[in-house]
Amino acid sequence: MKKSALQIARAAYQPKLPEVLKGFVAVQEGDKTQSAGDYADIEKLFPNTYGMPVITFTKGKEEKHEPVNVGVILSGGQAPGGHNVISGIFDGIKKLNPESRLYGFLMGPDGLIKHNYMELTADIIDEYRNTGGFDIIGSGRTKLEKKEQFDSGLIILQKLGIKALVIIGGDDSNTNACVLAEYYKSINAGVQVIGCPKTIDGDLKNSMIETSFGFDTATKTYSEVIGNIERDCNSARKYWHFIKLMGRSASHVTLECALQVQPNITLIGEEVEAKNQTLDEIVTYIATIVADRAARGMNFGTVLVPEGLIEFIPAIKKLIAELNDLIAANQAEFDQINADEKIAYIKSHLSATNAAIFNSLPAGVSRQLALERDPHGNVQVSLIETEQLLAEMVATKLAQWKKEGKYVGKFSTQHHFFGYEGRCAAPSNFDADYCYSLGFNAAMLIASGKTGYMSSVRNTTAPAAQWIAGGIPITAMMNMERRNGEMKPVIRKALVELDGAPFKAFCEQRDEWAKETCYVYPGPIQYFGPTEVCDQPTKTLKYEQA
Ligand code: FBP
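Computed from a prediction, not measured in an experiment: that's the story for all the values here.

**Q** Any chance you could break down the site of the ligand for me, citing the residues and the numbers?
**A** In the vicinity of the ligand, 14 residues are found, and the nearest of them are Gly 77, Asp 201, Glu 307, Tyr 420 and Arg 423. Between the ligand and the protein, one listed contact pairs an oxygen atom with a side-chain N or O atom of Thr 199 at 2.9 Å. The contact in question runs from an oxygen atom of the ligand to an N or O atom on the backbone of Gly 247, over 3.3 Å. Isolated, the ligand exposes 490 Å² of accessible area, and the fraction of that covered by the protein chains is 86%.

**Q** Just give me the short version of the pairing of strand β7 (residues 192-197), but keep the residues and values in it.
**A** Within β7, six of the six residues are buried, which leaves the element mostly enclosed by the surrounding structure. Direction of pairing for strand β6 (residues 162-169) relative to β7: parallel, over a ladder of six bridges. Bridging from a neighbouring strand, Leu 165 pairs with Val 193 of β7. For the crossover from β6 across helix α8 (residues 171-186) to β7, the handedness is right-handed.

**Q** I'd like to hear about helix α21 (residues 429-447), residue by residue, with values.
**A** Taking 1.5 Å of rise per residue, 19 residues should cover 27 Å, and α21 covers 27 Å from first to last C-alpha, within 8% of that figure. Burial analysis of α21 places 18 of its 19 residues in the buried class, the great majority of the element. With its phi angle positive at about 80°, Gly 449 sits one or two positions after the end of α21.

**Q** Account for empty space enclosed by the protein, with residues named and values stated.
**A** Within the structure shown, the criterion is met by three cavities of 30 Å³ or more. When its volume is computed, the largest cavity comes out at roughly 60 Å³. Along its surface, the largest cavity is lined by Gly 202, Lys 205, Glu 210, Thr 211, Ser 212, Phe 215, His 252, Thr 538, Thr 540, Leu 541 and Glu 544. Grouping the constituent residues of the lining of the largest cavity by class yields two nonpolar, six polar and three charged.

**Q** Lay out the packing of aromatic side chains in plain terms, naming residues and giving numbers.
**A** In this structure the tally under the stated criterion is 13 aromatic pairs. Judged by centre distance (6.2 Å) and plane angle (85°), the ring pair of Phe 242 and Phe 411 falls under edge-to-face. You can see Phe 242 sitting in strand β8 (residues 240-245) and its partner Phe 411 sitting in the loop between α19 (386-403) and β11 (413-418), a full 169 residues away along the chain. Phe 242 gets classed as buried once you look at its relative accessible area, which sits at 0%. Both rings, one in Tyr 436 and one in Phe 440, keep their centres 6.1 Å apart while their planes meet at 40°; by these two values the pair is tilted.

**Q** Talk me through the pattern of salt bridges; I want residue IDs and the actual numbers.
**A** Under the counting rule described, the total for this entry stands at 22 salt bridges. In this structure, Asp 126 and Arg 129 form a salt bridge, with 2.8 Å as the shortest nitrogen-oxygen distance. Its relative accessible area of 42% is what places Asp 126 among the partly exposed residues. Assessed through its relative accessible area of 18%, Arg 129 is described here as buried. Residue Lys 220 is joined to Asp 216 by a salt bridge in which the shortest nitrogen-to-oxygen separation is 2.9 Å. Remark: Asp 216 and Lys 220 occur in helix α9 (residues 215-236); sequence separation between them is four residues, near one turn of the helix. A residue is classified by how much of its surface remains accessible, and Lys 220, at 16% relative accessible area, is buried.

**Q** Any details on the sheet that holds strand β3 (residues 69-74)? Residues and values, ideally.
**A** The strand order across the open sheet formed by nine strands is β1-β2-β13-β12-β7-β6-β3-β4-β5, and the pairing between neighbours is mixed. Either end of the sheet is taken by a strand with one partner, and the two such strands are β1 (25-32) and β5 (117-119). Sheet twist, expressed as the mean angle between neighbouring strand axes with direction ignored, is 25°. Against the sheet, α21 contacts β1, β2 (53-59), β3, β6, β7, β12 (453-458) and β13 (468-473), and its axis sits at roughly 135° relative to β12.

**Q** An account of the nonpolar core is needed here, citing residue identities and associated values.
**A** In terms of nonpolar packing, the biggest core is built from 72 residues, with Ile 86, Leu 102, Val 166 and Tyr 222 touching the most fellow members. Top element by residues in this core is α21. It accounts for 11 residues. One finds Leu 267, Leu 279, Phe 334 and Tyr 345 within the second-largest nonpolar core, a separate group that totals 49 residues.

**Q** Talk me through unusual backbone geometry; I want residue IDs and the actual numbers.
**A** The phi dihedral of His 115 falls on the positive side, at around 65°, and the residue is not glycine. With respect to the secondary-structure elements, His 115 resides in the loop between α5 (109-113) and β5. Judged by its relative accessible area of 28%, His 115 is partly exposed. Within the chain, Asn 459 stands out as a residue other than glycine whose phi angle is a positive 65°. For Asn 459, the location among the structural elements is in the loop between β12 and β13.

**Q** Describe the sheet that holds β8, listing the residues and the values that go with them.
**A** Spatially, the four strands line up as an open sheet ordered β9-β10-β8-β11, and their pairing is parallel. Edge positions in the sheet fall to β9 (265-266) and β11, since each has one partner strand and no second. In the packing of helix α12 (residues 279-295) onto the sheet, the strands contacted are β8, β9 and β10 (301-306), and the crossing angle to β8 comes to about 150°.

About the thresholds
- Residues numbered from 1 in each chain as written.
- Predicted model: local features only at pLDDT ≥ 70, side-chain atom pairs only at ≥ 80, totals over all residues.
- Heavy atoms only, no water.
- Near = heavy atom within 4 Å.
- Polar contact = N/O pair within 3.5 Å; in protein donor to acceptor, adjacent residues only side chain to side chain.
- Areas by Shrake-Rupley, 256 points an atom, 1.4 Å probe, with all protein chains shown as cover.
- Buried < 20%, exposed > 50% of the residue type's maximum accessible area, 1.4 Å probe, protein only.
- Helix = DSSP H or I, 4+ residues; strand = E, 2+ residues; numbered from the N terminus.
- Pairing = 2+ DSSP bridges.
- Right-handed = clockwise from strand over helix to strand, strands pointing away.
- Expected span 1.5 Å × (residues − 1).
- 1 Å grid on protein atoms, 1.4 Å probe; cavity = no way out; pocket = protein on both sides within 12 Å on 5 of 7 lines; lining within 4 Å.
- Points joined across faces, edges and corners; volume = space filled by probe spheres on them.
- Nonpolar A, V, L, I, M, F, W, Y, C, P; charged D, E, K, R; others polar.
- Phe/Tyr/Trp six-rings, centres within 6.5 Å; stacked < 30°, edge-to-face > 60°.
- Salt bridge = Lys/Arg side-chain N within 4 Å of Asp/Glu carboxyl O.
- Axes fitted to C-alpha atoms, helices over the stretch in contact; angles between N-to-C directions.
- Contact = heavy atoms within 4.5 Å.
- Core = buried A, V, L, I, M, F, W, Y, C linked by side-chain atoms within 4.5 Å.

Below is the structure:
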């Protein structure tokens, strides 16, 4: 495989580990945990893995370990650093015993169910150290949730002598990891299941999981490009750039990029919901800023739009909830009819209020909301062109204001969507170190006999040597939520907190950013050089941990 100069130089990078993981570890157990909500329901559903303590690793004595065979799955959307989690697991289990072996299941959970796998040997692992992407074994979105799938997986795990499975995924995949851990424990299958927190969206976090991996690199990559656009925008002074950023539900990616590049307008989905805003109010908000800048001779600007915005608009959120229940309740009938009939079917079955909202949306948007779901039941917001929709609606409003003499200016737009550009970027130093540590730590959780735990590395704004390593029971992050018409145990998604430090810092500055031109140009991720350039964590993490 031909390699770039950076790839060659980067292959030699030795990711940093927390001091405690460099030697032998001992397990320190904290207090028993309870779930994030709905305690009785979660305890009933997870009798074998509920209430376990938080684990912290401390310095231990040298111990002899038997070889252990471990399986690994990459699940869901790509996130920078996945290869380092795998190399961390590999180095961790080899340190325990050089005879240990690592197997990768191919193309996500499907590989486990359908018995597609490969052994990950040292030469393969070395090819992928510190690289972006999930291409070492591929990823997939199959939902691992049925007993038949678990039983089928167990056949291949037993055949390969695999004693532990590491599932690297987001909130949905880690929820499934926990269900699998519970099932294997309940039947004494002898297979431990450990989760690792992955997602560029940044919405898998809590007091013990400070950030999901990939968020750092992805937001730095987007911020670089947005900064470049801002500089172009400020040079030509003739366009308003509408930039949609990934983040299926939460607006963490958009907020982090805003803190890095100081755009003129930033929409935060969680705020839209809290303020009970309508689409028209959002459009008016943008148009007002555009008109104010135009009045001062500035017919240019940048607008950041979170991918999940549409689902936060309360009226649309209610519509989606009814759509989900409607489709789930009539799934068999719904599957039989073609796409156009489905739209007609939906229109005739929705309540009057939601039918009116459904009919008022542009055809492309209503179609997306009605028809396309990923295997976890999520609306595929990356396919909805919200940035274009908003730009068109703002243009219509400004044209109206022009007629009324309330606006003088020119409104020309450009649209961008940044998501896939950042998901496979070469991991920043932070993600390279964090991911390697998460993987190495997962190996220690396996050696300690744990199951149903998520690998946890904390204190991440300090130098890596001071990071705290351990595990958090996945049930401690769960509550009950309605999914596809049924109440299900799921990991609670971390949304942007409106009373949190990152959002507050943004609020204090946004009016000035709207009025003036305060752009900041972060430039590309740097892998070699001074620590203040190469090793900075995200602004979100800094504000949260300050
Ligand atoms: P995960 O939650 O699996 O990490 O994926 C997140 C994400 O990148 C979202 O930001 C985006 O909406 C979605 O994946 C796109 O999915 P796909 O890769 O299937 O197009």
